[in-house]
Amino acid sequence: MWISVDRYLAVRKPLRYDTVQTKIRCQCWMALTWVSAAMMCCPPLLGFNQPRFDGDALICLLDWKDMAAYSATLAVLVLGPSVITIVYTYSYIFTMMRRVRSGAPIHDKEYATALSENLANPTHIMSFVLVVVFCLSWTPFILVRIYEGTTGNRLNLFSHIHFFVFWLGVLNSVWKAVILILMSPQFRLMLRILGFTLCCRHRARLQMELIGMEDE
């Protein structure tokens, strides 16, 4: 959700993006994300609920039947607003892309120039692909858990379905790395600098000086 909000602000306010999205504000977003995630995960973990070993997925999971109300509350307070925000922000981004490509008139020339340059940035499409792949990776697992939690029946559409849906979600991190390498020139550059750092710190420093980065 935060990725989509960031890209939305870059398109909605291209002339003020650098002043709106400061480094400190982005760091606060990250801190809020991790703190809120920890707070949401701690109650069931500290509730001393009995874990259940899933022999197919080869992991221990908490039984959703023991925390149905908690899961429903999270879905309403977290999942719902996140999905709505993602749909709205990317709908706006793709609408503006279509307007710019169709040559729709924009009266403020400075705004139009900044908007065109901003929309040419590949991070908009890349961030959308990241969000879609994340949702596709975890949706099968969530649907299986919801079905089993509401019906009380174990789903057996095919053998090892639980192993497949859980590890498909975990593999989201692998797809994410592939997407970043394929679609982000900046990520490839940072990866290159990291390689230089591991091999030769002097070459890494020269590389960062060439692109105007500080050697932090």
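Refer to the structure above for everything that follows.
Read on for a plain summary of the structure. (Residues numbered from 1 in each chain as written. Predicted model: local features only at pLDDT ≥ 70, side-chain atom pairs only at ≥ 80, totals over all residues. Heavy atoms only, no water.)

### Quick word on the overall build of the chain
And then number 1: Helix and strand content of the chain: ten helices and two strands.
And then number 2: Across the chain, helices and strands are ordered from the amino to the carboxyl terminus as α-α-α-β-β-α-α-α-α-α-α-α.
And then number 3: By residue count, 28% of the 216 residues in the chain fall in the buried class.
And then number 4: For the chain, the accessible area works out to roughly 14,500 Å², and carbon and sulfur atoms hold 69% of it. (Helix = DSSP H or I, 4+ residues; strand = E, 2+ residues; numbered from the N terminus. Buried < 20%, exposed > 50% of the residue type's maximum accessible area, 1.4 Å probe, protein only. Areas by Shrake-Rupley, 256 points an atom, 1.4 Å probe, with all protein chains shown as cover.)

### Comments concerning the side chain of Q21
And then number 1: The residue Q21 is located in the loop between α2 (17–20) and α3 (23–46) in this model.
And then number 2: Its relative accessible area of 8% is what places Q21 among the buried residues.
And then number 3: Polar contacts involving the side chain of Q21 include one to the side chain of D6, which spans 2.8 Å.
And then number 4: Dropping the residues within four chain positions of it, Q21 is found in contact with D6, L9, C26 and W29. (Polar contact = N/O pair within 3.5 Å; in protein donor to acceptor, adjacent residues only side chain to side chain. Contact = heavy atoms within 4.5 Å.)

### What about the pattern of salt bridges?
And then number 1: Scanning the entire structure with this criterion turns up one salt bridge.
And then number 2: With its nearest N and O atoms 2.7 Å apart, the salt bridge here joins R7 to D6. An identical accessibility class is assigned to R7 and D6; each is buried. (Salt bridge = Lys/Arg side-chain N within 4 Å of Asp/Glu carboxyl O.)

### Digging into a nonpolar patch on the surface
And then number 1: A surface patch of nonpolar side chains, about 470 Å² in accessible area, is lined by F53, L58, F163, W167 and V170.
And then number 2: Note that W167 resides in helix α7 (residues 161–170). (Patch = residues over 30% accessible without salt bridge, like charges linked within 9 Å, V, L, I, M, F, W, Y side chains within 5 Å.)

### Concerning the nonpolar core
And then number 1: One finds L9, V11, Y92, M96, L115 and L119 to be the most contacted residues of the largest nonpolar core, which totals 18 residues.
And then number 2: Those elements giving two or more residues to this core turn out to be α1 (2–12), α2, α4 (68–102) and α5 (109–119).
And then number 3: Per-element tally for this core: the top contributor is α4, with six residues.
And then number 4: Counting residues in each nonpolar core, the second largest holds nine residues, with A57, F141, L155 and I161 among its members. (Core = buried A, V, L, I, M, F, W, Y, C linked by side-chain atoms within 4.5 Å.)

### Overview of α7
And then number 1: The set of residues buried in α7 consists of I161, H162, V165, F166 and G169. Each buried residue of α7 sits inside an arc of 120° when the element is viewed along its axis, so together they form one side. (Arc of directions from axis to C-beta.)

### Regarding the side chain of R7
And then number 1: Mapped onto the secondary structure, R7 falls in helix α1.
And then number 2: Contacts of R7, omitting those with residues within four sequence positions, involve Y17, Y90, I93, T123, H124 and S127.

### Observations regarding the packing of α1 against α5
And then number 1: Between α1 and α5, the least distance of the axes is 9 Å, while the angle of their chain directions is 145°. Of the residues in α5, those in contact with A10, V11 and R12 of α1 are Y111, L115, N118 and L119.
And then number 2: Taken together, the residues that form the contact of α1 with α5 break down as five nonpolar, one polar and one charged. (Axes fitted to C-alpha atoms, helices over the stretch in contact; angles between N-to-C directions. Nonpolar A, V, L, I, M, F, W, Y, C, P; charged D, E, K, R; others polar.)

### Focus: the packing of helix α6 (residues 123–151) against helix α8 (residues 172–183)
And then number 1: Two elements in contact, α6 and α8, have axes separated by 10 Å at closest approach and are oriented at 165°. Judged on the interaxial angle alone, α8 and α6 are roughly antiparallel. In this structure, the crossing between α6 and α8 has a hand that is right-handed. On α8, the residues touching I125, M126, V129, L130, V133, F134, S137 and W138 of α6 are N172, W175, K176, I179, L180 and M183.
And then number 2: When its residues are assigned to classes, the contact of α6 with α8 shows eleven nonpolar, two polar and one charged. (Parallel < 35°, antiparallel > 145°, perpendicular 65-115°, else oblique. Left-handed = near helix turned anticlockwise from the far one by under 90°.)

### Some points on the pairing of strand β2 (residues 59–62)
One face of the sheet, then the other: side chains in a regular strand alternate in exactly this way.
And then number 1: For strand β1 (residues 51–54) and β2, the ladder comprises four bridges, and the chain directions are antiparallel. Note that in β2 the partner of F53 across the bridge is C60.
And then number 2: In this antiparallel pair of consecutive strands, β1 and β2, the connection spans four residues, and L58 shows a positive phi of 65°. (Pairing = 2+ DSSP bridges.)

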